[in-house]
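# Structural description and commentary
Residue-level listing of the chains:
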Amino acid sequence: MATKAAAEKKAPAKKAPAKKATVKAAAVKKPAAKKAAAAPKKLRVAIIGCGGISHAHMAAYKQIPDVELVGFCDINPERLTDYQTKYGVKPEQCFEKWDDLFKKIKPEAVDICTPNGVHCPATLAAFAAGCHVMVEKPMAMSPAECETMIAAGKKAKKLLAVGFQHRYNSKTDYLVKARDEGKFGKIMFVKCQALRRRGIPNWGVFGRKDLQGGGPMIDIGVHVVEMAHFFMGSPKPVAATGNCWTYMGDKPSNVMSMWPNWDYKTYTVEDLAIGHIRFDNGMIMQIESSFAAHIDKDEWKFVAMGEKGGCDWDPLQIFTDDAGAMVHIKPDYVAPDWNKDWTYLFARKLQNWVDGVLKGTPLRASGEEGLAIQKILDGIYRSAAEGGKEVPIK
């Protein structure tokens, strides 16, 4: 018989009770706080020239949130004081010399609203300071100045835009779309009219050729020429014929008009200019522009004639043939109406420039476009100086 000790030795040992696994609750991670979205990039813009047209730019900038106006320059301290009063501009943002503005403010872009004679030197100074440039129309005083400005912009690798606002006009947009749809076919002839019966400016330096380069042709004719040239597809001008006459502006007048008492003693520009431009594709442009002319009424428009249809900018209409009849096409509604509020024109042209700088959007009015228009104006004035004979445009 087995002994008790042997039995105990053979009996299986009792297992120790298993320990309960301890489970730790996983730590709950809080979602990472989202980083605040970066504020959209704003273009730091300075204005050079705080006279009349600059106020239209100031009104337009209110509609462009991606611009920060940082500096203002004018040789007339009274205009800078007016800006401080009217727009809440700080004195430390105002300068009488653009070199001081560039040094202290360091803007990224410059909007030039000076008289024509200052466009080129101000643009060159802005490019030298590393700024993009918007320059009011006309681009400069001569094609040579335009070419210098374009070269400086390319060297600085900065954008150069020209203030041609009427190619942004809703009427121009409508006719360009109609052109692209083939409603006119091949365009042959365009007639531009920028005519005032009696509208000699009695402010500024519009009557001084040394500061403006000319009279109505370069001041108001340029508007209609630029939008008509844009409508035509921007063909290359090759020759010009023109004449200019001065017969009212350099004399005192007691005739009632909207702007009486102009400075006739310093008046050295034309009252009326007529031009004829030939283009490399066979198109012809005729231009009529006046500060003072014995006509029925003021005119501001272009008309065009094509092989399939024609058009009138004002009143806005298209002329063509349809269903065996000659017809007029008149849009019932085109907006905005620039005669009621032209701020949208400036907002559109400035927005295109700003988008070009910030987003790489193509410019609708580049320095090259400005040069083409300047060559047209210059050709007319050169022809007039040579007795109206045709001169080449190179």
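Provided above is the structure to which this section pertains.
Residues numbered from 1 in each chain as written. Predicted model: local features only at pLDDT ≥ 70, side-chain atom pairs only at ≥ 80, totals over all residues. Heavy atoms only, no water.

### A look at helix α3 (residues 77–87)
In an α-helix there are 3.6 residues to a turn, and that puts residues three or four apart on one side. Sitting at the head of α3, Asn76 places a side-chain oxygen 2.9 Å from the backbone nitrogen of Glu78. Phi turns positive, to about 70°, at Gly88, one or two residues after α3. (Polar contact = N/O pair within 3.5 Å; in protein donor to acceptor, adjacent residues only side chain to side chain. Helix = DSSP H or I, 4+ residues; strand = E, 2+ residues; numbered from the N terminus.)

### Concerning the packing of helix α6 (residues 143–156) against helix α11 (residues 367–385)
At a minimum axis distance of 9 Å, the contact between α6 and α11 shows a crossing angle of 170°. When the axes of α6 and α11 are compared, the pair comes out roughly antiparallel. The segment α6 lies against α11, with Pro143, Cys146, Glu147, Ile150 and Lys154 engaging Gly367, Glu368, Leu371, Gln374, Lys375 and Asp378. Taken together, the residues of the contact of α6 with α11 break down into 4 nonpolar, 2 polar and 5 charged. (Axes fitted to C-alpha atoms, helices over the stretch in contact; angles between N-to-C directions. Parallel < 35°, antiparallel > 145°, perpendicular 65-115°, else oblique. Contact = heavy atoms within 4.5 Å. Nonpolar A, V, L, I, M, F, W, Y, C, P; charged D, E, K, R; others polar.)

### Here we look at the nonpolar core
One finds Leu175, Phe231, Met285, Ile287, Phe302 and Trp353 to be the most contacted residues of the largest nonpolar core, which totals 102 residues. In terms of residue count, the dominant contributor to this core is helix α9 (residues 216–231) (10 residues). Among all residues touching Phe231, those that are not within four sequence positions of it are Leu175, Val176, Arg179, Phe184, Ile187, Phe302, Ala304 and Cys311. (Core = buried A, V, L, I, M, F, W, Y, C linked by side-chain atoms within 4.5 Å. Buried < 20%, exposed > 50% of the residue type's maximum accessible area, 1.4 Å probe, protein only.)

### Re the sheet that holds strand β3 (residues 94–95)
Remark on secondary structure: sheet strands pair via backbone hydrogen bonds, oriented parallel or antiparallel. Pairing is parallel across the open sheet formed by 6 strands, whose spatial order is β3-β2-β1-β4-β5-β6. The sheet is open, and its two borders are formed by β3 and β6 (160–163), each paired with just one other strand. Both strand β5 (residues 132–136) and β6 contribute to a ladder of 4 bridges, which runs parallel. Bridged to Glu136 within β6 is Gly163. (Pairing = 2+ DSSP bridges.)

### Some points on the environment of Pro201
Tracing the backbone shows Pro201 in the loop between β7 (187–195) and α8 (209–212). Under the relative-accessibility criterion, Pro201 is labelled buried at 9%. Once the C-alpha coordinates of Pro201 and His119 are considered, the two residues, 82 residues apart in sequence, prove to be 20 Å apart. Setting aside its immediate chain neighbours within four residues, Pro201 contacts Arg196, Phe206, Trp259, Trp262 and Phe291.

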